[in-house]
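Structural overview
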Amino acid sequence: MTSSISDWIWSERFWLPENVSWADLERPPPGVEYPRLGDILCALPLAVAVFLLRQLFERLVAKPCAHILQIQAGVPRRAQSNDVLERVYQSKTPPDTRQLEGLSKQLDWDVRKIQRWFRVRRNQDRPSIQKKFCESMWRFTFYLGIFIYAIRHLWVSPWMWDTRQCWHNYPFQPVSHGQYNYYVAELAFYWSLMFSQFTDIKRKDFMIMLVHHLATILLITFSYANNMLRAGTLVMCVHDASDIFLEAAKLANYAKYQRLCDGLFVVFSISFFLTRLVIYPFWVVHSVLVESWEIIGPYRAWWLLNGLLLVLQALHIIWFYLIARIAIKAIFKGKVSKDDRSDIESSSDEEIYSNCSKNPSQTIKPKDSSHTGNLNGETHDH
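Residues numbered from 1 in each chain as written. Predicted model: local features only at pLDDT ≥ 70, side-chain atom pairs only at ≥ 80, totals over all residues. Heavy atoms only, no water.

Moving on, we get to helix α12 (residues 229–254). Between the first and last C-alpha of α12 there are 37 Å, a value that for 26 residues agrees with the 38 Å anticipated at 1.5 Å per step. Of all 26 residues making up α12, 25 are buried, and the element is well covered by its neighbours. Backbone geometry just downstream of α12 places K256 in the positive-phi region, at approximately 65°. (Helix = DSSP H or I, 4+ residues; strand = E, 2+ residues; numbered from the N terminus. Expected span 1.5 Å × (residues − 1). Buried < 20%, exposed > 50% of the residue type's maximum accessible area, 1.4 Å probe, protein only.)

Set out below in structure tokens:
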């Protein structure tokens, strides 16, 4: 039964072009290696190493940097101990007016005092600016490092300059050390994010991000298994590029360098537009959708992968619309009240901007629903 399930999951009719079998890929010419799924299983133990490396990085590098920039951890005011209110708080459901009145009678407390208790209790659980600075610095370092590595590898790769090379003699394309290392690093990083979900600051979209990371892991794994590495490296590189400036803008915001935060966010907006609304659709998606059709023809997995790429492009358009609204406010109005894009996009991009370009006399009132873009951490970031 196990064998039949495996055969169904890895059906050659689904994953490979016509007249190609898994056995063909297991017999490469001498001196040539084709991708094999077992080769990237090392990403799992490596993910543990990445997770531990992150802990060391935040403690030995990020925290000292935060101290130099005078970003203090801070000690939040603690709510008065109360078992009844604590049980209600832990239920994750904010009390409505009727519940507040019931709690007021039960505890002989004024309703406003109970509301104040919940406000203080929520603030107590919010992460410090220093902790969020350390998290963003780790992500910034990873994105910058992996992007430099990818560009260094892709710059000398013929398929970066002629995307038709992604499909010549597909799927019988040898895997290079650069491709393998890039895939394993990205896969290990996303597995480490799966682990850190349970130890990081608790987010409102915990389950959404869990599904997001799992989907990313599956896409990276499947593209490696059916040897779409050339197109896969282009997709990953394009997506990593703008994330560098997003995390840099967060760091500048936490350090209260407002003008730098403004500038970096505008650069992030431009880079997002160029990479995800220009390069991605007209270079990468065009190659996977049009050039691959012309060279190898469609097959079942081809339809699935192109469908996912087009869905991702639709999300890029929605996200950029929301980003552009923030950038326009930053340029022409000099203030940003909230990050509208964070209501839709994944948490990695949520904490974009709200305190950048803010005058001292202005205050921000974050929404209680879903997400807002408060960079100081009153709500969710990745």
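Two quantities define a packed helix pair, namely the angle between the helix axes and the distance between the axes. The interhelical angle for the contact between helix α8 (residues 129–154) and helix α10 (residues 177–196), taken along N-to-C directions, is 160°, at an axis separation of 10 Å. Judged on the interaxial angle alone, α10 and α8 are roughly antiparallel. The two elements α8 and α10 meet at a crossing, and its hand is left-handed. Contacts from W138, F142, Y143, I146, Y149, A150 and H153 of α8 reach α10 at H177, G178, Q179, N181, Y182, A185, E186 and F189. Residues that form the contact of α8 with α10 fall into these classes: nine nonpolar, five polar and one charged. (Axes fitted to C-alpha atoms, helices over the stretch in contact; angles between N-to-C directions. Parallel < 35°, antiparallel > 145°, perpendicular 65-115°, else oblique. Left-handed = near helix turned anticlockwise from the far one by under 90°. Contact = heavy atoms within 4.5 Å. Nonpolar A, V, L, I, M, F, W, Y, C, P; charged D, E, K, R; others polar.)

With that out of the way, let us pick up the nonpolar core. If you look at the biggest cluster of nonpolar residues, it comprises 63 residues, and the most contacted ones within it are F133, W167, F189 and Y280. Among the elements that line this core, the one with the most residues is α12, at ten residues. The residues contacting W167, other than those within four sequence positions of it, are Q173, M228, A231, S287, V288, E291, S292, I295 and I296. Membership of the second largest hydrophobic core comes to 13 residues, among which are L85, Y89, L107 and W117. (Core = buried A, V, L, I, M, F, W, Y, C linked by side-chain atoms within 4.5 Å.)

With that settled, the discussion passes to the side chain of N82. Tracing the chain through its elements places N82 in the loop between α4 (43–68) and α5 (83–90). By relative accessible area, N82 is classed as buried at 12%. At a separation of 3.1 Å, a polar atom in the side chain of N82 contacts the main-chain amide nitrogen of V84. Ignoring anything within four residues of it in the chain, the contact list for N82 reads L107, W109 and W117. (Polar contact = N/O pair within 3.5 Å; in protein donor to acceptor, adjacent residues only side chain to side chain.)

Turning our eyes to something else, we now look at the pattern of salt bridges. This structure, assessed with the given rule, holds nine salt bridges. Between R54 and E58 there is a salt bridge whose closest N-O contact spans 2.7 Å. Here E58 and R54 lie together in helix α4, a separation of four residues that amounts to about one turn. Here R54 and E58 have matching classes, each one buried. We note a salt bridge from R139 to E247, for which the minimum N-O separation is 3.1 Å. Here R139 is found in helix α8, whereas its partner E247 is found in helix α12, with 108 residues between them in sequence. Among the residues examined, E247 registers a relative accessible area of 1% and is labelled buried. Members of the salt-bridge network, linked through shared partners, are R54, E58, E135, R139, E247 and K250. (Salt bridge = Lys/Arg side-chain N within 4 Å of Asp/Glu carboxyl O.)

Where α4 meets α8, the closest approach of the two axes is 9 Å, and the angle between their N-to-C directions is 120°. The orientation of α4 relative to α8 falls into the category oblique. Regarding α4 and α8, the two cross each other, and that crossing is right-handed. Side by side, α4 and α8 meet where V50, L53, R54, F57, E58, V61, A62, K63, C65, A66 and H67 of the first sit next to Q130, F133, C134, E135, M137, W138 and T141 of the second. Tallied by class, residues from the contact of α4 with α8 come to eleven nonpolar, three polar and four charged.

Here we come to the environment of V20. Relative to the helices and strands, V20 is located in the loop between α2 (12–15) and α3 (22–25). Expressed as a C-alpha distance, the spacing of V20 and Y170, which sit 150 residues apart in the sequence, is 9.9 Å.

Before going further, it helps to spend a moment on helix α13 (residues 258–295). Note: α-helices contain 3.6 residues per turn, so residues at a spacing of three or four share the same orientation. Helix geometry: α13 is bent most strongly at Y280, by close to 55°, with proline P281 lying one to four residues after it. Immediately downstream of α13, the backbone of G297 shows phi near 80°, a positive value. (Bend = angle between axes of the 7 residues up to and from the residue.)

Our focus in this paragraph is the packing of aromatic side chains. One pass over the structure, following the stated rule, counts 21 aromatic pairs. Ring geometry for F268 against F272: centres 5.9 Å apart, planes inclined by 65°, an arrangement best described as edge-to-face. Taken together, the residues span about one helical turn, with F268 and F272 both in helix α13 at a distance of four residues. Geometrically, the ring pair formed by W293 and W303 is edge-to-face, given 5.9 Å between the ring centres and 90° between the ring planes. Of this pair, W293 sits in helix α13 while W303 sits in helix α14 (residues 300–333); the two residues are ten residues apart in sequence, bridging distant segments of the chain. Directly above the ring of W109 sits K113, whose terminal nitrogen or CZ lies 4.3 Å from the centroid. (Phe/Tyr/Trp six-rings, centres within 6.5 Å; stacked < 30°, edge-to-face > 60°. Lys NZ or Arg CZ within 6 Å of the ring centre and 35° of its normal.)

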